[in-house]
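# Architecture and fold: a report
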Amino acid sequence: EARGHAEQAVARAEELRQTGFVSPDLRAAFMATQRRAYSLLIDSLMDRHDDRTALEVSERARARSLLDVLFSGGVVQAGNAVPAALLERRRSLRQRLSAKADQELKQAGEKADLLGREMGTLLAELDGVEAEIRRLDPHYAAVSAPPVLSAEEISKLLDPGTLLLEYSLGEDRSYLWAVGNDSFRSFELPPEREIEKLARRLHEELSAVEVGAGRRQDAAAS
């Protein structure tokens, strides 16, 4: 049941990503919510020992984070094949969605439900516009919605003797996946706050070594 709720939360987050939030505060709140949704789904999958699917979810979250950076920086844009009117329609829909989402955060009860339904209608319209843009511009489609590789597909891309280490940091638990050309293992790690504390200590210790103030690296051993 928890996995089902987590999958719905991730799907909702994926939809709302398209809004291109105008408000920085709203965008920050959304990104935090999105991260928790992915983290919850990864937790539920690891609890069921479905570590390969958990890795795929982690990969999807990383891909979405990278795309958010590229889109916000204007690196990924539709080309000249897309009519200006269609791009303007998308921009208008994103602004309206952003405004509705901002209002929804400040409401409760029936008003929030009504705003949620209105957002659903706008999202459906935006989905259609995005689909048309991707149809007209295959290059934009390939960059804006890249496929996520499975654990097996990642393994096939690695040379013999090469090991990929992927981390997922969470509030309660963190995870490490070690993927090789012919191997796959997963490990449970401490919460994010503990790992970040050790990382800061290691940085301080390495900085001290650089200036000749000592050579102990207790944090690295931890």
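Everything numeric here is computed off the predicted structure, so don't read it as measured data.

Helix and strand counts for the protein stand at nine helices and three strands. In the protein, the order of α-helices and β-strands from amino to carboxyl end is α-α-α-α-α-α-α-β-β-β-α-α. When the 222 residues of the protein are sorted by exposure, 33% land in the buried category. When contacts within the protein are restricted to residue pairs at least 6 apart in sequence, long-range pairs at least 24 apart make up 55% of them.

What follows covers the side chain of Ser168. The residue Ser168 is located in strand β1 (residues 163-168) in this model. Those residues in contact with Ser168 that sit more than four places away from it in its chain are Ile42, Ser58, Ser174, Tyr175 and Trp177.

Turning to unusual backbone geometry, a few remarks are in order. You will see that His49, though not glycine, has its phi angle at about 60 degrees, which is positive. As for its position among the elements, His49 is in the loop between α2 (24-47) and α3 (51-72). His49 gets classed as exposed once you look at its relative accessible area, which sits at 70%.

It is worth spelling out the pattern of salt bridges at this point. Applying the stated rule across the entire model yields 14 salt bridges. Measuring nitrogen to oxygen at the nearest pair gives 3.9 Å for the salt bridge that ties Arg200 to Glu196. Placement of both Arg200 and Glu196 in helix α8 (residues 192-210) is noted, with a separation of four residues, approximately one turn of the helix. Here Glu196 falls in the partly exposed class, since its relative accessible area comes to 33%. In this structure, a network of salt bridges that share partners links the residues Arg90, Arg94, Glu130 and Arg134.

Right, let's get into the sheet that holds strand β2 (residues 174-180). Strand order in this open sheet of three strands is β1-β2-β3, and the pairing throughout is antiparallel. Two strands lie at the open edges of the sheet, namely β1 and β3 (184-189), each paired on one side alone. Mean inter-strand twist for the sheet, computed between neighbouring axes without regard to direction, equals 15 degrees.

The interhelical angle for the contact between helix α4 (residues 84-105) and helix α5 (residues 109-136), taken along N-to-C directions, is 155 degrees, at an axis separation of 9 Å. Judged by the inter-axis angle, α4 sits roughly antiparallel to α5. Once α4 is placed against α5, the crossing between them reads as left-handed. Counted by class, the contact of α4 with α5 contains 14 nonpolar, two polar and ten charged residues.

What follows is about the nonpolar core. Counting 19 residues, the largest nonpolar core has Ile42, Leu55 and Trp177 as its most contacted members. Among the secondary structure elements, those contributing two or more residues to this core are α1 (2-17), α2, α3, α7 (151-157) and β2. Looking at which element gives the most residues to this core, the answer is α2, with six residues. The contact partners of Leu55, leaving out residues within four places of it in the chain, are Ala151, Ile154, Glu166, Trp177, Val179 and Phe184. Residues Leu122, Leu126, Val129 and Tyr140 belong to the second largest nonpolar core, which totals twelve residues.

Rules behind the numbers
Residues numbered from 1 in each chain as written. Predicted model: local features only at pLDDT ≥ 70, side-chain atom pairs only at ≥ 80, totals over all residues. Heavy atoms only, no water. Helix = DSSP H or I, 4+ residues; strand = E, 2+ residues; numbered from the N terminus. Buried < 20%, exposed > 50% of the residue type's maximum accessible area, 1.4 Å probe, protein only. Contact = heavy atoms within 4.5 Å. Salt bridge = Lys/Arg side-chain N within 4 Å of Asp/Glu carboxyl O. Pairing = 2+ DSSP bridges. Axes fitted to C-alpha atoms, helices over the stretch in contact; angles between N-to-C directions. Parallel < 35°, antiparallel > 145°, perpendicular 65-115°, else oblique. Left-handed = near helix turned anticlockwise from the far one by under 90°. Nonpolar A, V, L, I, M, F, W, Y, C, P; charged D, E, K, R; others polar. Core = buried A, V, L, I, M, F, W, Y, C linked by side-chain atoms within 4.5 Å.

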